[in-house]
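A closer look at the structure
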Amino acid sequence: MISITEALDLIDQHAAKSPAQQVAALEAVGCLLAEDVASDIDSPPYDKAMMDGYAVVAADLASDSAELDVIEVITAGNVPTKKVAASQAAQIMTGAPIPAGADAVVMIEQTQMIGEARVRIEAPNITAGKNIMPKASSLARGATVLSAGKRLRPLEVGILAEVGRDHVSVVPQPRVAILSTGDELVEVGEMPGPGRIRNSNGPMLAAQIAAAEGTPINLGIARDVRQELTEKIARGLEADILVLSGGVSAGLLDLVPSVLAEHQVVQIFHKVQLKPGKPIWFGKRVVSGKTTLVFGLPGNPVSSMVCFELFVRRAIGLLAGRTENELRSAEVELAEPFFHRGDRPTLFPARWVNAAQRTAAPLAWKGSADLAAMAAADLLLQFPAGDAEYLAGDRIAGLVL
Ligand code: AMP
Ligand code: MG
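Residues numbered from 1 in each chain as written. Chains lettered and ligands numbered in written order. Predicted model: local features only at pLDDT ≥ 70, side-chain atom pairs only at ≥ 80, totals over all residues. Heavy atoms only, no water.

With that out of the way, let us pick up the overall build of the protein. A count of helices and strands for the protein gives 7 helices and 28 strands. Its C-alpha atoms give the protein a radius of gyration of 32 Å, more than 25% over the compact-globule value 21 Å for 401 residues. For the protein, the C-alpha atoms occupy an extent of roughly 95 × 55 × 40 Å along the three principal directions. A fraction of 70% describes how many contacts in the protein between residues 6 or more apart in sequence connect residues 24 or more apart. For the protein, the accessible area works out to roughly 18600 Å², and carbon and sulfur atoms hold 53% of it. (Helix = DSSP H or I, 4+ residues; strand = E, 2+ residues; numbered from the N terminus. Rg over C-alpha atoms; globule rule 2.2 N^0.38 Å. Contact = heavy atoms within 4.5 Å. Areas by Shrake-Rupley, 256 points an atom, 1.4 Å probe, with all protein chains shown as cover.)

Next up, the structure:
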């Protein structure tokens, strides 16, 4: 059986960055840009007023005050029609183009209308350029505004809009299909009958996929019946990643690996030295140039959750082209003694005793079917294989949830 590190290395080898795709700017948030984006305009497109006030000739205000003739009013969206000469001013609104002849804007608060078309100004330090944003000072036409590789945030959607782009080439969000397998499963809205339980993994995995910036595609529940698994797996293989829950252990009806094999999915590993999550299955299908990665997660909800965080999240990040470590690992200090039993490296739920000082205590936990106890968990402690007594103050690796 391979180790967690070996499993992660295999995922790294097989999960390649997806080809670039043109998407709507709004859908590009979180994605890496796959092209250099150049501006198709100067911004601002003209020398622009940055204040509501009066466009003036700065030299008229050398003595800090003046009375000027107001020759026109320029509102945003309109263009000046007259040239401003000495002793003249044009009333101007923020965003409007500066008229020829003027070289400064005095803010309205420093002015007073005297009569129909005359203004009195009291304003110190008015020099050429005051309250004017020069043409192309933010963006020059043809200049690169965003470079390939940039991770797009809402702010970049604004910049794209400014340069006329409502679509952009990005490394797309991976589409991740989820199939929950098991004869015992009923939908969330149903009350489970005898021998039945609700499908909690499906919604949890969908939420984990969304949190990992993938696009979840929920394929619902498949019974442990070859025909049904075959049909639903075929649909799931159209996605970039197919995540199955259940059916990969040693039970009589654990049919997933053999049905996957019939669909040309090649196994890369099955079983990892890990608790919970040992039965995890990973494979890949390449058919006419289209690659799908397939994860078979053990059905126990905590196993499923942990395997997703350790392995699937990593694959989603790699397909999306992100190189940052997807795991939020931390070294923590045990707040109390703990005896760990187990022949496999274990991820054990724990809570922060003091998050700032990174001290944590293991929770009372009944194992991989005990999802409810995980609600109190802030992190998972990574205990190495083997029975060992840990003391308060011992340092141990953790994975922050
Ligand atoms: P399996 O991996 O199919 O052997 O399932 C292991 C355990 O997880 C069994 O107790 C299942 O009932 C449970 N289980 C499987 N799938 C789910 C699911 N989608 N939601 C909640 N529990 C599940
Ligand atoms: Mg099952």
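Inspection of every chain in the model, using the stated rule, returns 17 salt bridges. With its nearest N and O atoms 2.8 Å apart, the salt bridge here joins Arg-118 to Asp-69. In this pair, Arg-118 sits in strand E10 (residues 118–122) while Asp-69 sits in strand E6 (residues 65–74), placing the two residues 49 residues apart along the sequence. If you follow the salt bridges from partner to partner, you end up with Glu-67, Asp-69, Arg-118, Arg-120 and Glu-122 in one network. (Salt bridge = Lys/Arg side-chain N within 4 Å of Asp/Glu carboxyl O.)

The subject of this paragraph is the sheet that holds strand E1 (residues 21–24). Pairing within the open sheet is antiparallel, and its 3 strands lie in the order E1-E13-E2. Both edges of this open sheet fall to E1 and strand E2 (32–33), since each of them pairs with a single strand only. Bridge count between E1 and strand E13 (residues 167–171): 4 bridges; the pairing is antiparallel. The residue bridging Val-23 from the neighbouring strand is Val-168, located in E13. (Pairing = 2+ DSSP bridges.)

Accessible area lost upon the coming together of the parts serves often as the stated size of an interface. Here the domain parsing of the protein yields domain 1 (4–18 + 173–319), domain 2 (21–43 + 137–171), domain 3 (48–133) and domain 4 (328–400). Computed over C-alpha atoms only, the centres of domain 2 and domain 4 are separated by 43 Å. (Domains from an automatic or database assignment.)

This part covers the nonpolar core. The biggest cluster of nonpolar side chains holds 52 residues, and the ones touching the most others in it are Ile-241, Phe-295, Leu-297 and Phe-311. A per-element tally of this core places helix H6 (residues 301–319) first, with 11 residues. The residue makeup of this core includes at least three contributed by each of domain 1 (4–18 + 173–319) and domain 4 (328–400). For Phe-295, the contacting residues outside a window of four places in its chain are Ile-11, Ile-241, Leu-242, Val-243, Leu-244, Ile-280, Trp-281, Phe-282, Phe-311, Val-312 and Ala-315. (Core = buried A, V, L, I, M, F, W, Y, C linked by side-chain atoms within 4.5 Å. Buried < 20%, exposed > 50% of the residue type's maximum accessible area, 1.4 Å probe, protein only.)

If you trace the 5 strands once around the closed barrel, you get E22-E25-E24-E26-E28, paired in mixed fashion. The average angle at which neighbouring strand axes cross in this sheet is 55 degrees, direction not considered. As judged from the 5 bridges shared by strand E22 (residues 329–334) and strand E28 (residues 395–400), these two strands associate in the antiparallel manner. Within E28, the position partnered with Glu-333 by the bridge is Arg-395. (Axes fitted to C-alpha atoms, helices over the stretch in contact; angles between N-to-C directions.)

This brings us to the site of ligand 1. Glu-184, Asn-199, Gly-247, Gly-299 and Asn-300 are the nearest of the 18 residues found near ligand 1. Between ligand 1 and the protein, one listed contact pairs a nitrogen atom with a backbone N or O atom of Ser-200 at 3.2 Å. In the environment of ligand 1, a nitrogen atom lies 3.3 Å from a nitrogen or oxygen atom belonging to the backbone of Asn-201. In isolation ligand 1 exposes 490 Å². Once the protein is present, 78% of that is buried. When contributions to the shell around ligand 1 are tallied by element, the ones reaching two or more residues are strand E14 (175–181) and strand E16 (197–198). Taken together, the residues of the shell around ligand 1 sort by class into 4 nonpolar, 11 polar and 3 charged. (Near = heavy atom within 4 Å. Polar contact = N/O pair within 3.5 Å; in protein donor to acceptor, adjacent residues only side chain to side chain. Nonpolar A, V, L, I, M, F, W, Y, C, P; charged D, E, K, R; others polar.)

Locating Asp-60 in the fold gives a position in the loop between strand E5 (53–56) and E6. One buried charged residue, Asp-60, forms no salt bridge at all, with the nearest opposite charge on Arg-118 at 9.7 Å. When neighbours within four sequence positions are excluded, Asp-60 is seen to be in contact with Ser-65, Ala-66, Leu-68, Ala-85, Ala-86, Ser-87 and Gln-88. (Lys, Arg positive; Asp, Glu negative; His and termini not counted.)

With an omega dihedral of -10 degrees, the bond running from Ser-43 to Pro-44 counts as a cis peptide bond. Looking at the element boundaries, Pro-44 is found in the loop between strand E3 (37–38) and strand E4 (48–49). Across the junction of Lys-275 and Pro-276, the peptide omega takes the value -5 degrees, indicating a cis bond. Assignment of secondary structure puts Pro-276 in the loop between strand E19 (266–270) and strand E20 (281–287). Here Arg-358, not a glycine, exhibits a phi torsion of approximately 60 degrees, which is positive. In this structure, Arg-358 sits in the loop between strand E24 (346–354) and strand E25 (359–362). Accessibility expressed as a relative area gives 35% for Arg-358, which makes it partly exposed.

A word on the packing of aromatic side chains. The final tally for this structure, using the stated rule, is 8 aromatic pairs. Each member of the aromatic cluster is reached from another via a ring pair, and the members are Phe-338, Phe-348, Trp-365, Phe-383 and Tyr-390. (Phe/Tyr/Trp six-rings, centres within 6.5 Å; stacked < 30°, edge-to-face > 60°.)

As recorded in UniProt, the feature "domain: MoaB/Mog" (unreviewed entry) lies at residues 177–318. For residues 177–318, the end-to-end C-alpha separation is 17 Å, with 33% helix and 30% strand making up the annotated structure. (UniProt positions renumbered as here; feature names shortened; annotations may be inferred.)

Interhelical geometry of helix H1 (residues 4–14) versus H6 gives an angle of 25 degrees and a closest axis separation of 10 Å. As the angle between them shows, H1 and H6 are arranged roughly parallel. Crossing hand, H1 versus H6: right-handed. For the pair H1 and H6, contact is made by Ile-4, Ala-7, Leu-8, Ile-11 and Asp-12 and by Leu-310, Phe-311, Arg-314, Ala-315 and Leu-318, respectively. Looking at the contact of H1 with H6 residue by residue, the classes come out as 8 nonpolar, no polar and 2 charged. (Parallel < 35°, antiparallel > 145°, perpendicular 65-115°, else oblique. Left-handed = near helix turned anticlockwise from the far one by under 90°.)

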